[in-house]
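Observations on chain architecture
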Amino acid sequence: MSTKNRYEGLLVLNVKGSEDGAKDVIERLEGEFKKDGATIEQVQKMDRRQFTYTAGPLDSGYYVNFIFNAPPTTIEKLRARFTLDEEVYRQHYQKLAAKKVEKAPRTPKAAA
C-alpha cells in the first residue's frame, strides 16, 4: 500500500457566468478526486475573480482550493483528466507538510 501525501489543488473553473453552476461542477470534481484515491480534507470556494491579465479566452474564473490526501501517482492522473475538462480552466498542485496533531497538555502529578 502506498503512502498518502497531503496536497493543495487550486482549480480555476470556467463556469460561463453561472455562479449556481459552480456548485455542481465542484461536487463533480470532488467525485473525480475520490475516484482517483484522494481523501478530501477541505474545499475552499473563493468565488469568481478577475484575472490580472488575460492570456486566453476568459477574463475571470471561479477559484476553488482543494486540500486532500492522496498517493503521489494521483496528481498526474488528476492533471491529465482535468486538462481535458472544459470546465477546468487552470490547475495547480502543491505538496503540503503533514498535518500536525496537537498533543494534549501534560498535567503535573500531584505531590504525594
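Positions within a chain are numbered from 1, following the residues in the order the chain's sequence is written. At least 70 in pLDDT is required for a residue's local features to be given in this predicted model, at least 80 for side-chain atom pairs to be given and counted, and no such filter applies to totals for whole chains, interfaces and linings, which use all residues. Each side-chain value is worked out from all heavy atoms of the structure, with water and hydrogens disregarded.

A look at unusual backbone geometry
- Even without being a glycine, D47 presents a positive backbone phi close to 65°.
- By the element assignment, D47 lies in strand 2 (residues 39-50).
- Residue class for D47 comes out partly exposed when judged on its relative accessible area of 46%. Only DSSP runs of H or I with at least four residues qualify as helices, and only runs of E with at least two residues qualify as strands; both kinds are numbered from the N terminus onward. Only protein chains enter the area calculation, which uses a 1.4 Å probe; residues under 20% of their type maximum are buried, those over 50% are exposed, and those in between are partly exposed.

A word on helix 2 (residues 73-83)
- Buried residues of helix 2: T74, I75, L78 and F82, and no others. Take helix 2 and look down its axis: the buried residues cluster within an arc of 100°, on one side only. Among the exposed residues of helix 2, those pointing more than 90 degrees away from its buried face are T73 and T83. What the arc covers is the set of directions going from the helix axis to the C-beta atoms.

Digging into the side chain of T74
- Tracing the backbone through its elements, the reader meets T74 in helix 2.
- As used in this structure description, the phrase polar contact means that two N or O atoms lie within 3.5 Å; if the pair is within protein, one of them must be able to donate a hydrogen and the other to accept it, and residues adjacent in sequence are counted only when both atoms belong to side chains. Side-chain polar atoms of T74 contact the backbone oxygen of D36, separated by 3.1 Å.

Thoughts on the environment of L58
- Along the polypeptide, L58 turns up in the loop between strand 2 and strand 3 (60-70).
- Given a relative accessible area of 18%, L58 falls into the buried group.
- In sequence terms L58 and Y89 are 31 residues apart; their C-alpha atoms lie 8.7 Å from each other.
- Excluding residues that lie within four positions of it along the chain, L58 makes contacts with N14, F51 and Y89. Residue contacts are counted whenever heavy atoms from the two residues lie within 4.5 Å of one another.

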